[in-house]
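# Notes for the structure review
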Amino acid sequence: STAQANRPLTLPPSGADPQIEDSADTNDLSLANSLHAPNDETRTELVPHNRKNPISELLAACKRYLQNKDRKESVTFEYVMLDGVNDSEQHAHQLVALLKNISAKVNLIPFNAFEGSGYQRSSQHAIDKFSKVLMNNGIVVITRRPRGEDIDAACGQLAGKVVDRAHRGNHYIRMYERSLISKRIETQCV
């Protein structure tokens, strides 16, 4: 018989707890969560669904998920790097404290800026410093390499160019753009 490789299961930030609990008995799945911030204030700004499922609930569900798993099993946390928003050394130390009792890997994702997002990618220097803090504290870190930027085809860039052809009122356009940005940050090529 051939061994089946683990496949990541990426869960959205809303309604994550039941999905995490349900997936705990499935042996061929690993768990990945969209985190993007080390505190509820910043995460709620980036991922509005955090109001419903705050970080404490997400981490508690992850711990329950890992209880019946192999000791080598870990949870992956996706973390989009946003300049001046969630990329400071202080944020890195907060993340270390947050994940101290969880077998975790952190996938750092350089943000692919797109028109209207209001966010910029963290500098490589900031990403490296952030990564070093995590690694020095025993957290496995993977930094995703951005691709497709040169032709505006990097993850989310095409979505950022959506134009409202119906010319609805500015209020509705801003609501749509905010929703698009939130979804873009939540799913940054997960």
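Located above this text is the structure these notes cover.
Here's a quick rundown of the structure. (Residues numbered from 1 in each chain as written. Predicted model: local features only at pLDDT ≥ 70, side-chain atom pairs only at ≥ 80, totals over all residues. Heavy atoms only, no water.)

Another point: the pairing of strand 3 (residues 75–81). Along strand 3, seven of the seven residues are buried, which leaves the element largely enclosed by surrounding structure. Side chains Val75, Phe77, Tyr79 and Met81 project from strand 3 onto one buried face, and the interleaved Thr76, Glu78 and Val80 project onto a second face that is buried too. Here seven bridges tie strand 3 to strand 4 (residues 104–110), and the two strands are oriented parallel to one another. Note on strand 4: the bridge partner recorded for Thr76 is Lys105. Regarding topology, helix 4 (residues 89–98) serves as the crossover connection from strand 3 to the parallel strand 4, and that connection is right-handed. (Buried < 20%, exposed > 50% of the residue type's maximum accessible area, 1.4 Å probe, protein only. Helix = DSSP H or I, 4+ residues; strand = E, 2+ residues; numbered from the N terminus. Pairing = 2+ DSSP bridges. Right-handed = clockwise from strand over helix to strand, strands pointing away.)

This part covers the packing of helix 4 against helix 5 (residues 124–136). Across the interface, helix 4 lies against helix 5 with an axial gap of 9 Å and an inter-helix angle of 30°. By the angle between their directions, the pair helix 4 and helix 5 is classed as roughly parallel. As helix 4 runs across helix 5, the sense of the crossing is right-handed. In contact with Glu89, His91, Ala92, His93, Leu95 and Val96 of helix 4, helix 5 contributes Lys129, Phe130, Val133 and Leu134. Classifying every residue of the contact of helix 4 with helix 5 gives six nonpolar, two polar and two charged. (Axes fitted to C-alpha atoms, helices over the stretch in contact; angles between N-to-C directions. Parallel < 35°, antiparallel > 145°, perpendicular 65-115°, else oblique. Left-handed = near helix turned anticlockwise from the far one by under 90°. Contact = heavy atoms within 4.5 Å. Nonpolar A, V, L, I, M, F, W, Y, C, P; charged D, E, K, R; others polar.)

The subject of this paragraph is the pattern of salt bridges. This structure, assessed with the given rule, holds two salt bridges. Of the charged contacts, one joins Arg144 and Glu78 as a salt bridge, the two residues approaching to 3.7 Å between their closest N and O atoms. Note that Arg144 is positioned in the loop between strand 5 (140–143) and helix 6 (170–186) and Glu78 in strand 3, a separation of 66 residues in sequence. Residue classification places Arg144 among the partly exposed positions, given a relative accessible area of 24%. Relative accessible area serves as the criterion here: at 5%, Glu78 is assigned to the buried category. (Salt bridge = Lys/Arg side-chain N within 4 Å of Asp/Glu carboxyl O.)

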